Each structure stands twice: as structure tokens, then as C-alpha cells.
Amino acid sequence: MQGKICVVTGASRGVGKGIALALGSLGATVYVTGRSSQPGDSPLGGTVDVTAAEITARGGKGIAVYCDHGDEAAVAALFARVKNEAGRLDVLVNNAIALPDELTLVKPFWQKSLRELSLLDVGLRSNYVATWSAAPLLVESQGLVVFTSSFGGTCYMHGPAYGAGKAGTDKMAHDMAHDFKPFGVTTISLWLGLVKTERTNNVCAAEPEKYGAAFKVAESPEFPGRVIAALYNDPERQSLSGAIQVAAELGKRYGVTDLEGRQPPSYRRALGNPTEFSAAVVE
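To start, this report covers the structure provided alongside it. Note that the structure is a prediction, hence the values are computed from the model and not measured.

### Let's talk about the packing of aromatic side chains
Now for step 1: In this structure the tally under the stated criterion is three aromatic pairs.
Now for step 2: Judged by centre distance (6.5 Å) and plane angle (80 degrees), the rings of Phe151 and Tyr267 are edge-to-face. Residue Phe151 is found in the loop between β5 (144-150) and α5 (160-180), and its partner Tyr267 is found in the loop between α9 (247-254) and α10 (268-271); the two are separated by 116 residues along the sequence.
Now for step 3: For Phe151, a relative accessible area of 2% corresponds to the buried category.
Now for step 4: Residue class for Tyr267 comes out buried when judged on its relative accessible area of 18%.
Now for step 5: In this structure an aromatic cluster arises from ring pairing among Phe151, Trp191 and Tyr267.
Now for step 6: In this structure, Lys196 packs its charged tip against the face of Phe215, placed 5.2 Å from the ring centre.
Now for step 7: Here Arg237 stacks its cationic end above the ring of Tyr232, 4.6 Å away from the centre of that ring.

Here it is, written out as C-alpha cells:
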């Protein structure tokens with residue numbers, strides 16, 4: 001990824017941070033976005049500055065950008081900055097999402113607050129806005145757009161708000177791929193497995209009897225970043241555009257392993273197959 005320009009949204013911590021670090025470790029310049037500027041901004045810790053600094057320490061170039069992805073003007077400013085400073089954009093990873101505190105509570109949706117819908121704003125809608133803003137740069141570079149998603153797009157996971165957000169993201173990636181195809185831009189929705197983020201660590205530590213076995217083989221936050229780099233460097237990546245891809249399965253396809261050389265499992269058999277969209281086009 002030497003010399004490549006990437007934007008990873010929502011990268012103060014968690015999956016976004018891991019993806020940004022993985023891309024930076026391979027030599028990329030990574031614009032790291034998020035709202036956390038101070039360690040205390042989130043109970044989970046992390047800031048965009050810390051992520052950017054670690055990218056640079058690993059041999060890439062990390063650039064911290066404070067950005068609220070619920071603010072369209074801030075998103076427009078982000079990509080204007082990328083254009084002015086870098087002149088191109090090779091990879092956009094749409095990862096920012098507002099995960100409500102009640103997300104993993106086991107109760108029916110009407111017993112949770114309407115804050116559950118926050119992930120449809122910063123998550124589903126913000127993915128659209130970021131890609132819309134980045135599209136001219138991506139077209140120039142025939143770049144790659146990745147939406148981080150999950151098996152929650154097809155199975156029941158955390159309730160209907162989360163499921164709608166992930167299913168919508170998957171379909172958005174499919175439809176954007178149609179519009180991008182004449183311009184050589186690849187667009188995929190990437191289904192992650194269980195990932196060892198700060199949030200997941202807390203949940204699994206609280207219920208080891210429930211999550212212990214799965215946690216042992218869970219993906220590191222950097223694994224999807226390694227997979228994304230391999231996908232970007234695949235000269236045939238356009239053939240995958242518009243389809244949902246399982247990160248663990250792409251890892252096997254490209255010979256990409258996780259930290260310590262592990263091969264994370266795919267949850268296809270347990271949680272279901274990715275959605276297959278119709279090839280029909282109505283314009």
C-alpha cells in the first residue's frame with residue numbers, strides 16, 4: 001500500500017482503528033476520522049491522534065481528522081482536504097457508526113430507547129454521505145470502497161435497528177457498485193466475524209461462559225485491514241464488486257492471516273449465507 005491514500009472513518013478505536021493500523025503498516029497514508037480528541041471522550045478510550053501517531057510509528061503516515069459523520073459539512077470538508085493535500089483517494093473504508101449503549105441488551109426493541117436508531121444516522125446514512133462526497137476522487141483513481149458490515153444483515157442480531165442498518169448497508173454497497181462500474185471503482189460490503197474490539201472485550205469478559213469459546217478465535221481489529229489491502233491489490237477485484245464478502249473467507253482466498261498467523265473462522269454455517277441480490281436493473 002506504499003504511496004496509497006486511504007480514508008478510514010470511525011477510527012479512534014475498535015475496527016476502524018485496527019483497519020487504519022493495518023493499512024498504515026503496509027505503507028499507506030491514512031486519514032483517520034472520528035470525534036474523540038481526548039482519551040476521556042469515550043469510556044472505551046482512544047482518539048484519532050493516538051491512532052494517527054501509531055500509524056506513523058509503524059511506517060505509514062497517519063493524519064488525524066476530527067469529524068462528526070453526522071455533519072454533512074464536516075464530511076465535505078474532510079474530502080476537500082484529502083483532495084487538496086493528497087490529490088487522490090485510493091481506498092475509502094466506511095466504518096463510522098453510532099452504537100447505542102443498549103445495543104447488546106437482550107430485550108425486545110420497544111423496551112429499548114429510540115436511541116437505537118442513532119446507527120441509522122451515523123452508520124447507514126453517513127456511509128452514503130461519505131461515499132457521495134468521495135466519489136469524484138474515487139472515480140479518478142479507480143479506487144476501492146469498503147463498508148464494514150456483519151452477519152446481522154441477514155440473521156437476527158441485536159435487534160431490528162441494527163439489522164436494518166446492516167442490511168441497508170449491504171444493499172447500498174450493491175447498488176453503488178452498479179453506478180461505479182463504468183468508472184472502474186470497486187464497492188463491497190465486508191462481513192466481519194466477532195472482532196476483539198474494546199467493546200467486545202468488555203461484553204465477553206462479563207459473560208465468559210457465553211462468549212468464551214468464540215472469543216478465543218475472534219478476529220483482531222487489524223485482520224479486516226489486512227484483507228482490504230489484499231483485495232485492493234487484486235487485479236481482478238472488480239469481479240467481486242457489488243457482492244457481500246466475508247472477511248474470513250477473503251482471508252483464505254488471499255492467504256491473509258490474522259496476528260500470530262491465525263486463520264479466523266467464517267460464521268456462514270452458523271449464521272447464514274450472505275444475501276444474494278437480483279441482477280435485474282430498473283432505471
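Structure shown, so let's carry the discussion forward.
### Considering the pairing of β5
Looking along a regular strand, one sees side chains alternate from face to face of the sheet.
Now for step 1: The element β5 is largely enclosed, with a buried count of seven among its seven residues.
Now for step 2: Relative to β5, strand β4 (residues 91-94) runs parallel, the two being bridged by four bridges. Bridged to Val93 within β5 is Val146.
Now for step 3: In terms of strand pairing, β5 meets strand β6 (residues 186-192) through seven bridges, oriented parallel. Its bridge partner lying in β6, Leu144 is registered against Thr186.
Now for step 4: Note that the unit made of β5, α5 and β6 has a crossover that is right-handed.

### Overview of the nonpolar core
Now for step 1: Core analysis: the largest hydrophobic core is formed by 35 residues, its most contacted members being Met1, Val8, Leu23, Val30, Val91, Leu190 and Ile228.
Now for step 2: Ranked by the residues each element gives to this core, the list is headed by helix α8 (residues 223-232), at seven residues.
Now for step 3: Filtering out sequence-adjacent residues up to four positions away, Ile228 remains in contact with Ile19, Leu23, Val91, Val93, Leu144, Val146 and Leu190.

### As for the sheet that holds strand β2 (residues 29-34)
Now for step 1: Taking strand neighbours across the sheet as the criterion, the seven strands line up as β3-β2-β1-β4-β5-β6-β7 in an open arrangement whose pairing is parallel. One side of each edge strand has no neighbouring strand; the edge strands of this open sheet are β3 (61-66) and β7 (244-246). Direction aside, the axes of adjacent strands within the sheet are offset by 25 degrees on average.
Now for step 2: Pairing of β6 with β7, which is carried by three bridges, proceeds in the parallel orientation. Looking across to β7, one finds that Leu190 is bridged to Gln245.
Now for step 3: The sheet strands contacting helix α2 (residues 48-57) are β2 and β3, and the helix crosses β3 at an angle near 170 degrees.
Now for step 4: Relative to β3, helix α3 (residues 72-85) is tilted by about 145 degrees, and along the sheet it contacts β1 (5-8), β2, β3 and β4.

Calculation notes
- Residues numbered from 1 in each chain as written.
- Predicted model: local features only at pLDDT ≥ 70, side-chain atom pairs only at ≥ 80, totals over all residues.
- Heavy atoms only, no water.
- Phe/Tyr/Trp six-rings, centres within 6.5 Å; stacked < 30°, edge-to-face > 60°.
- Helix = DSSP H or I, 4+ residues; strand = E, 2+ residues; numbered from the N terminus.
- Buried < 20%, exposed > 50% of the residue type's maximum accessible area, 1.4 Å probe, protein only.
- Lys NZ or Arg CZ within 6 Å of the ring centre and 35° of its normal.
- Pairing = 2+ DSSP bridges.
- Right-handed = clockwise from strand over helix to strand, strands pointing away.
- Core = buried A, V, L, I, M, F, W, Y, C linked by side-chain atoms within 4.5 Å.
- Contact = heavy atoms within 4.5 Å.
- Axes fitted to C-alpha atoms, helices over the stretch in contact; angles between N-to-C directions.

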